[in-house]
Amino acid sequence: MDIKSVIRTIPDYPKKGILFRDITTLWQDAGGFRHVVDQLVWPYAGVRIDKVAGIEARGFVLGGAIAHQLSVGFVPVRKKGKLPGAVISEEYELEYGTDTVEIHQDAIKEGENILLVDDLIATGGTAEAAINLIRQAGGAVIGAAFVIDLPDIGGAKRIAAMGVSVRTLCEFEGH
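Model, not experiment: these values are computed from the prediction.

*Asks:* Could you give an account of the overall build of the protein, naming the residues involved and the relevant values?
*Replies:* If you tally the helices and strands in the protein, you get five helices and nine strands. When the elements of the protein are put in sequence order from the N terminus, they spell out β-β-α-α-β-α-β-β-β-β-α-β-α-β. Radius of gyration (C-alpha) of the protein: 15 Å, near the 16 Å computed for a compact globule of 175 residues. In terms of its C-alpha atoms, the protein occupies a principal-axis envelope of roughly 40 × 40 × 30 Å. Expressed as a percentage of the 175 residues in the protein, the buried residues total 43%. Expressed as a percentage of contacts within the protein between residues at least 6 apart in sequence, the contacts between residues at least 24 apart total 59%. A total of about 8,600 Å² of accessible surface is found on the protein, and carbon and sulfur atoms cover 50% of it. Counting 18 positive and 23 negative side-chain charges, the protein places the centres of these two groups 2 Å from one another.

*Asks:* So, the side chain of glutamate 90: which residues are in play, and what are the values?
*Replies:* Relative to the elements of secondary structure, glutamate 90 occurs in strand 5 (residues 87–94). Here glutamate 90 is buried and forms no salt bridge, its nearest opposite-charge partner arginine 158 lying at an N-O distance of 9.0 Å. A distance of 3.3 Å separates a polar atom in the side chain of glutamate 90 from a polar atom in the side chain of asparagine 132. Here glutamate 90 is in contact with Asp99, Thr100, Val101, Ala129, Asn132, Leu133 and Gln136, once residues within four sequence places are set aside.

*Asks:* Talk me through the packing of helix 2 (residues 30–41) against helix 3 (residues 58–70); I want residue IDs and the actual numbers.
*Replies:* Here helix 2 crosses helix 3 at 65°, and the two axes come no closer than 10 Å. For helix 2 against helix 3, the interelement crossing comes out right-handed. Residues Phe33, Arg34, Val36, Val37, Asp38, Leu40 and Val41 of helix 2 form the contact with helix 3, whose own contacting residues are Val61, Leu62, Ala65, Ile66, Gln69 and Leu70. Here the residues of the contact of helix 2 with helix 3 sort into ten nonpolar, one polar and two charged.

*Asks:* Please provide a residue-by-residue account of the environment of alanine 122, values included.
*Replies:* Looking at the secondary structure, you find alanine 122 in the loop between strand 7 (113–121) and helix 4 (125–136). Spatially, the C-alpha atoms of alanine 122 and alanine 86 are 29 Å apart, while their sequence positions differ by 36 residues. Each residue touching alanine 122, except ones within four places of it in the same chain, is listed here: Leu150, Ile153, Gly154 and Gly155.

*Asks:* Kindly report on the pattern of salt bridges, identifying the contributing residues and their values.
*Replies:* Scanning the entire structure with this criterion turns up seven salt bridges. Arginine 48 is paired through a salt bridge with aspartate 50; the nearest N and O atoms lie 2.7 Å apart. The partly exposed category is assigned to arginine 48, whose relative accessible area is 47%. Here lysine 51 and glutamate 112 are joined by a salt bridge, their closest N and O atoms 3.0 Å apart. In this pair, lysine 51 is assigned in strand 3 (residues 51–55) and glutamate 112 in the loop between strand 6 (97–104) and strand 7, connecting sequence segments 61 residues apart. Each member of the pair lysine 51 and glutamate 112 is classed as buried.

Rules behind the numbers
- Residues numbered from 1 in each chain as written.
- Predicted model: local features only at pLDDT ≥ 70, side-chain atom pairs only at ≥ 80, totals over all residues.
- Heavy atoms only, no water.
- Helix = DSSP H or I, 4+ residues; strand = E, 2+ residues; numbered from the N terminus.
- Rg over C-alpha atoms; globule rule 2.2 N^0.38 Å.
- Buried < 20%, exposed > 50% of the residue type's maximum accessible area, 1.4 Å probe, protein only.
- Contact = heavy atoms within 4.5 Å.
- Areas by Shrake-Rupley, 256 points an atom, 1.4 Å probe, with all protein chains shown as cover.
- Lys, Arg positive; Asp, Glu negative; His and termini not counted.
- Charge placed at Lys NZ, Arg CZ, Asp CG, Glu CD.
- Salt bridge = Lys/Arg side-chain N within 4 Å of Asp/Glu carboxyl O.
- Polar contact = N/O pair within 3.5 Å; in protein donor to acceptor, adjacent residues only side chain to side chain.
- Axes fitted to C-alpha atoms, helices over the stretch in contact; angles between N-to-C directions.
- Left-handed = near helix turned anticlockwise from the far one by under 90°.
- Nonpolar A, V, L, I, M, F, W, Y, C, P; charged D, E, K, R; others polar.

Such coordinate-based values are descriptive only and should not be taken to indicate function.
Structural data, given as structure tokens:
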């Protein structure tokens, strides 16, 4: 299946010069959605995964489906202030300023193997922060899986440099 053919590109969103890769059109295609979940799951067949962590918000859709397929739990990686219980936080750099992601303190137990999931890897800043959170909680990140890679921006290389294997299903040039 040509995954790229079912991903819509929206020019100049969220700002001029950006080509936004909209994965919601992929989710609307039942066969495409199933194919993507299967392709993100199969490399981990036979690997011990205790939980899937999904990055807000599109990573929740993919991560939930992948966790279901693997019969494991799901950990939401959320923006600051969105989780109701006690949390651990990780701040990370943005192009202009900083942001923070959080997980519940009890979401990951010491020694659990975690698969990190999101729809797209660009700069890798949010994924790096999520990996740091998982490690801070005592988890081991056994892989990071994304549908889309923007290799010109370098996020996949940034995550690989952290010692985490990266799986992506398609690439788009540019930003």
